[in-house]
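Overview (structure and organization)
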Number of protein chains: 2
Amino acid sequence: MATIGDVAREAGVSRSTASYALSGKRPISEEVRRRVLAAAEALAYTPNAGARALATSQTKVLGLLAQFHEDEFAPAMMQYILGVTDTARDLGYDTLLVTEADGARALRRITDSRMVDGVVLMNIAQEDSRLPILRAAPQPGALVGLPGDCSGLDVFDLDFEEAGRVMVDHLHRLGHRELILISQPEHVVERGGAYVWRLRDAALERARQRGVTLHAVYGESRQPAVGRLLNGLLDAYPAATGLLINNEAAAAALPSVTYARGLRVPEDLSVIGRYSAEFAATFSLPYSFIESAPDRLGSMAVRQLVRRVESPAARNEPFVVRFISPELVSFGSTAPPRPR
Amino acid sequence: MATIGDVAREAGVSRSTASYALSGKRPISEEVRRRVLAAAEALAYTPNAGARALATSQTKVLGLLAQFHEDEFAPAMMQYILGVTDTARDLGYDTLLVTEADGARALRRITDSRMVDGVVLMNIAQEDSRLPILRAAPQPGALVGLPGDCSGLDVFDLDFEEAGRVMVDHLHRLGHRELILISQPEHVVERGGAYVWRLRDAALERARQRGVTLHAVYGESRQPAVGRLLNGLLDAYPAATGLLINNEAAAAALPSVTYARGLRVPEDLSVIGRYSAEFAATFSLPYSFIESAPDRLGSMAVRQLVRRVESPAARNEPFVVRFISPELVSFGSTAPPRPR
DNA sequence: TCCTGTTGTTGAACCGGTTCGATAGTCGTG
DNA sequence: CACGACTATCGAACCGGTTCAACAACAGGA
């Protein structure tokens, strides 16, 4: 491969002149600039990333730490990842995807070795062992997901509390008085997935305020367990006329369940989900849903991260915690209740 | 951050001695080795990745090029990606995930700049513009998916031909004589997704040999189109007693369709799919299926890639094209036919 | 004509590792 | 006791970029 030395020799100038001609960081005569560019072109010169990183302390790579737990819904993760990689590339960065089980060790590895200019963390837990490491790291970071302690971090997440309230209010306004909320599996909560109870607790609170009965249960992440669970719930609460689903697997399984039971949506049962538009489209879910906008969140996190990476001024700005407000996308799966 | 110079000073030795003590590439006295390790520990020394890459021409990073087209099934991709990242990490490599639309340019960028020691390509098209670049690149590469011309490349893929034959044979043995095969959308084929017609043509051929009528149609990737399509097919071919599905979205949509039509599986209709076990589990698909083993394919590709990266001898071995044979996982969704 | 300022270019140093060749020190051997 | 062999360590060079300080050439002004 051609080095900048080769380009310089070919153009008949010094290495430094070649460097300046290519970067434009110093004035170079039109004549020389043309010769250098022509030489670079002729030799198919591409700067060596390692050498550049060493010289500039910039790698133009961002780290993306994602964790895949058995009981979480892997396909949903894809949208977050694409939001990050696509935006990063638009801004001139590549993405190092790290899925190591030991996230803290992985984070330490990529930051200490200076492989990345910044990091995006996903699957944030309430008490996340990666956060102290991130705070101490020389590179800035951004979180997709809300931890217990946000200090010193930029955080982006869906407003799950508001999502819970919107769901309850929507069905309450239609006249429903008894609802079921099916959340993620309990394991997710135990592992620190705070978003589960953020939505749940806000929904319960709002239901109490409105005088609505809300049966809140943990879900399952797999079939056939989740199908059995749904059936069990519909059996257990025959008076419930509305179903809130904060659980992709349950949403995916619901159509089969309602068909099997001869339930019509929304005539017999009103349904609201919470997932991404992509997920809804792919699985055809015919339910109104709160859009969780994973790609937008990933994109926002990267933009803020890159701002901090590139501007010393931005690095000293106060940290932000930004929630995107839940948007209810209607597919007509809710209606005034009729007793089941 | 501490450099190896700091470690050397702390241990009272030269930089080279510190380097040898840490790498073990030359004999170092027990005493000095201990001092160096202690110093490294005390200073939390981690080698700078850029500097090491520059010195050794090894980045310990693999590139993973994946493309996400609108009409393909994104969630399925996740399993491939995890197969690659997890195996790479086991072997000591990190993964640069590149999802750029212009794959050829992206490949050139990461190979020319020496950001990666090797590359895994996914979403291989029949005529893939990335392949000439990969062949000319100094780094080895591996493909997940079969292109028209495999020369000079290691290729890993499911044996889609055999998958088509297995599906047809299985239903033929049970006594079925009229089948429907629903494939991926036609766009996927137009873009060069050869696996679609590899399965389809082999199934058609085998059906001909067996005297079975096979209606082969292109599918859709989204709802509600795919649901409409399924209904249309069942209307159009009322005598068909078996359904072969090489299309994740169609498989996900089928339960609703059969419920709505009052069709029972397998009593009224035998069904065989082709997707990953993970996909089957997540969506509870109650169908027997050919396991497409994306994680295994990703893992195999990485192992071979790393062999070539690390051993000069392996780099000269002949290239391999390896198919994994389709395994039929039974969920009891097939039975001898009864007229619908 | 001399001084000052501007513009374009250069050599050298540096980033932080690895590795080669040389050397000092130790030991066994003839 | 001299010699060679071997071991442990060191200094220097190198990987391929970027950047700083210095300088040459030339213009304009006094």
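Because the structure is a prediction, the values reported are computed rather than measured.

Turning to the overall build of chain A, a few remarks are in order. When helices and strands are counted, chain A shows 15 helices and 12 strands. For chain A, the C-alpha atoms occupy an extent of roughly 85 × 35 × 35 Å along the three principal directions. Considering only intrachain contacts with a sequence separation of at least 6, the fraction spanning at least 24 residues in chain A is 69%. Summing over all exposed atoms, chain A offers an accessible surface of approximately 14,000 Å²; the carbon and sulfur share of this is 50%. The centroid of the 38 positive side-chain charges in chain A is displaced by 4 Å from the centroid of its 40 negative side-chain charges.

Of note, Asp-112 of chain A is situated in helix H6 (residues 103-112). With relative accessibility at 16%, the residue Asp-112 of chain A sits in the buried group. Along the sequence, Asp-112 of chain A and Ala-137 of chain A sit 25 residues apart, while their C-alpha atoms lie 7.5 Å from each other. Contact partners of Asp-112 of chain A, with chain neighbours within four places excluded, come to Met-1 and Thr-46 of chain B.

Moving on, we come to the protein's contact with DNA strand C. Close to DNA strand C lie 31 residues, the nearest being Thr-17 and Val-32 of chain A together with Ile-4, Arg-15 and Arg-26 of chain B. The side chain of Arg-26 of chain A places a nitrogen or oxygen atom 2.9 Å from a base oxygen of DNA strand C. One nitrogen or oxygen atom from the side chain of Ser-29 of chain A is found 2.9 Å from a phosphate oxygen belonging to DNA strand C. Looking at the surface near DNA strand C, the elements that each hand over two or more residues are helix H2 (15-23) and helix H4 (49-56) of chain A together with helix H2 (15-23) and helix H4 (49-56) of chain B. Residue contributions to the surface near DNA strand C peak at five residues, all from H4 of chain B. For the surface near DNA strand C, the per-class residue count stands at 15 nonpolar, 10 polar and six charged.

We note that the domain assignment places domain 1 (4-47), domain 2 (61-158 + 294-324) and domain 3 (160-292) within chain A. Taking only C-alpha atoms into account, the centre of domain 1 of chain A sits 62 Å from that of domain 3 of chain A.

Now for the relation of the copies chain A and chain B. For the pair chain A and chain B, the relating rotation is 180°, the translation along its axis is 0.0 Å, and the fit reaches an RMSD of 0.1 Å. Considering both components of the superposition, the chain copies are consistent with a two-fold axis. Both copies contact each other with a shared surface, as 100% of the interface residues of chain A are interface residues in chain B too.

Quick look at unusual backbone geometry now. All names here are of chain A. For the bond running from Val-265 to Pro-266, omega is 5°, close enough to zero to count as cis. Phi at Ala-44 is positive, roughly 55°, even though this residue is not glycine. Inspection of the secondary structure puts Ala-44 in the loop between helix H3 (30-42) and H4.

Now for the side chain of Thr-258 of chain B. With respect to the helices and strands, Thr-258 of chain B occurs in helix H12 (residues 248-261). Those residues in contact with Thr-258 of chain B that lie beyond four places of it in its chain are Leu-263 and Val-265 of chain B.

Take the nonpolar core next. Judged by nonpolar contacts, the single largest core of 95 residues is most densely connected at Val-120 and Leu-244 of chain A together with Val-120 and Leu-244 of chain B. Once you skip the residues sitting within four places of it in the chain, Val-120 of chain A turns out to touch Gly-63, Leu-64, Leu-65, Val-84, Ala-142, Val-144, Ala-301, Val-302 and Leu-305 of chain A. Ala-240 and Ala-250 of chain A together with Ala-76 and Leu-243 of chain B belong to the second-largest nonpolar core, a separate cluster that totals 58 residues.

It is worth spelling out the interface of chain A and chain B at this point. Contact residues are listed per partner, giving 48 residues for chain A and 48 residues for chain B. Together, the buried faces of chain A and chain B total about 4,300 Å²; carbon and sulfur atoms form 66% of this surface. Interface area lost by chain A to chain B is led by Met-78, Leu-97 and Phe-283 of chain A, which between them contribute 13%. Run the count over chain A and chain B and you get two salt bridges. Notably, a salt bridge pairs Asp-94 of chain A with Arg-109 of chain B, separated by 2.4 Å at the nearest N-O pair. On inspection of chain A and its partner chain B, the count reaches 10 residue pairs in polar contact (both at pLDDT 80 or more). Elements represented by at least two residues in the side of chain A that touches chain B include exactly H4, helix H5 (74-90), strand E2 (94-98), H6, helix H12 (248-261) and helix H13 (277-282) of chain A. Sort the elements by how many residues they give to the side of chain A that touches chain B and H5 of chain A lands first, with 10 residues.

Moving on to the protein's contact with DNA strand D. The environment of DNA strand D is made up of 31 residues, and the closest members are Ile-4, Arg-15 and Arg-26 of chain A together with Thr-17 and Val-32 of chain B. Put simply, 50% of the atoms of DNA strand D that lie within 4 Å of the protein are in sugar or phosphate. A distance of 2.7 Å separates a base nitrogen of DNA strand D from a polar atom in the side chain of Arg-15 of chain A. Side-chain polar atom of Tyr-20 of chain A to a base nitrogen of DNA strand D: 3.0 Å apart, as the coordinates give it. Secondary-structure elements contributing two or more residues to the surface near DNA strand D are H2 and H4 of chain A together with H2 and H4 of chain B. For the surface near DNA strand D, the class distribution of residues is 15 nonpolar, 10 polar and six charged.

We now examine the UniProt feature "domain: HTH lacI-type" (unreviewed entry) in chain A. Under the UniProt annotation, "domain: HTH lacI-type" (unreviewed entry) lies at residues 2-56 of chain A. What you have in residues 2-56 of chain A is 69% helix and 0% strand, and the ends, taken at the C-alpha atoms, are 20 Å apart.

A few words now on the sheet that holds strand E9 (residues 270-275) of chain B. Residues and elements named next belong to chain B. The sheet built from six strands is open, its strands ordered E7-E6-E8-E9-E10-E12 with mixed pairing. In the strand order of this sheet, the two ends are held by strand E7 (213-219) and strand E12 (327-329), each with one partner. The sheet shows a mean angle of 20° between the axes of neighbouring strands, direction not considered. Bridge count for E9 against strand E10 (residues 288-291) is four bridges, and the pairing is parallel. Paired with Tyr-275 across the strands is Glu-291, a residue of E10. The strands touched by helix H8 (residues 160-174) are strand E6 (178-185), strand E8 (242-245), E9, E10 and E12; relative to E9, the strand with the most contacts, the crossing angle is about 165°. In this fold helix H11 (residues 225-236) packs onto E6, E7 and E8, with an angle of close to 160° to the strand it touches most, E6.

Cut-offs used in this document
Residues numbered from 1 in each chain as written. Chains lettered and ligands numbered in written order. Predicted model: local features only at pLDDT ≥ 70, side-chain atom pairs only at ≥ 80, totals over all residues. Heavy atoms only, no water. Helix = DSSP H or I, 4+ residues; strand = E, 2+ residues; numbered from the N terminus. Contact = heavy atoms within 4.5 Å. Areas by Shrake-Rupley, 256 points an atom, 1.4 Å probe, with all protein chains shown as cover. Lys, Arg positive; Asp, Glu negative; His and termini not counted. Charge placed at Lys NZ, Arg CZ, Asp CG, Glu CD. Buried < 20%, exposed > 50% of the residue type's maximum accessible area, 1.4 Å probe, protein only. Near = heavy atom within 4 Å. Polar contact = N/O pair within 3.5 Å; in protein donor to acceptor, adjacent residues only side chain to side chain. Nonpolar A, V, L, I, M, F, W, Y, C, P; charged D, E, K, R; others polar. Domains from an automatic or database assignment. Least-squares fit on C-alpha atoms with pLDDT ≥ 70 in both. Core = buried A, V, L, I, M, F, W, Y, C linked by side-chain atoms within 4.5 Å. Buried area = accessible area lost by both parts, 1.4 Å probe. Salt bridge = Lys/Arg side-chain N within 4 Å of Asp/Glu carboxyl O. UniProt positions renumbered as here; feature names shortened; annotations may be inferred. Pairing = 2+ DSSP bridges. Axes fitted to C-alpha atoms, helices over the stretch in contact; angles between N-to-C directions.

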